[in-house]
Amino acid sequence: MLDAAKQCCERWGLSKVTIDDIAVEAGISRATLYRLFPGGRDVLFDALRRRETSEFFDELESHVDQADSLEDFVVRVVVESTRQLRADQHLQVMLASEPGSVAASLSFEGLPIIFQTASAYLSPRVAAWIGEERSAELAELLSRLVVTYFLVPSRYVDLGDPESANRFVRSFVLPAFAPTQKGP
């Protein structure tokens, strides 16, 4: 049913998809869909978002699990996250067909959820390098950078390119999170 919902969104756009459309696409009755997703469309789309998020972080994990330094980890995170967003056909279709709906879900309503989810995933992974106190700060910064550079590409920085991302991370991200020297 989640696949059917995704296909319907790609075909007609999020705002035009009905429960009936999804039921027909999935080959089930409307009543069955409501039994499985009490609350209907919103509950079903929330389940789809959770599944897509889980798949995103599973794929990200496969690219960052071998990082051997904070720099390597951060570069892998921004490069792979950017690549996944760019390769997400569903997201591309939604951006093209309903930019307002996507912008709303990636702005005031959706960004806090995106940042919380990214922080929950990234914070424990960077804590070993910079400590727990700063790990959530770095996690939020990385998620903000990836979303911003994805939605509004720069002619100077390409976070999907490892070389460009590495230059950016070395120049602007890592200095903010380097261990501080304490005076005498």
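Our subject is the structure that appears above.
If you're wondering where the values come from, they're calculated on a predicted model, not measured in any experiment.

Within helix α1 (residues 2-12), the full set of buried residues consists of Leu2, Ala4, Ala5, Lys6, Cys8 and Cys9. Among the residues trailing α1, Gly13 stands out with phi positive, at a value near 95 degrees.

The next subject is the nonpolar core. In globular proteins that are soluble, nonpolar side chains generally tend to be buried together. Within the largest apolar cluster, 32 residues are counted, with the highest numbers of intra-cluster contacts made by Phe73, Val74, Val78, Leu122, Leu138, Leu142 and Val173. In terms of residue count, the dominant contributor to this core is helix α5 (residues 70-87) (eight residues). Aside from chain neighbours lying at most four places away, what touches Val78 is Leu142, Val146, Leu159, Ala165 and Val169. Core analysis: the second largest hydrophobic core is formed by 16 residues, Leu2, Ile19, Phe37 and Ala47 among them.

Here we come to the packing of α5 against helix α9 (residues 132-151). Running from N to C, α5 and α9 point in directions that differ by 35 degrees, and their axes come no closer than 10 Å. For the element pair α5 and α9, the recorded crossing hand is right-handed. Every residue of α9 that contacts α5 at Leu70, Val74, Val77, Val78, Ser81, Thr82, Leu85 and Arg86 is listed here: Leu138, Leu142, Val146 and Phe150.

Scoring rules and cut-offs
Residues numbered from 1 in each chain as written. Predicted model: local features only at pLDDT ≥ 70, side-chain atom pairs only at ≥ 80, totals over all residues. Heavy atoms only, no water. Buried < 20%, exposed > 50% of the residue type's maximum accessible area, 1.4 Å probe, protein only. Helix = DSSP H or I, 4+ residues; strand = E, 2+ residues; numbered from the N terminus. Core = buried A, V, L, I, M, F, W, Y, C linked by side-chain atoms within 4.5 Å. Contact = heavy atoms within 4.5 Å. Axes fitted to C-alpha atoms, helices over the stretch in contact; angles between N-to-C directions. Left-handed = near helix turned anticlockwise from the far one by under 90°.

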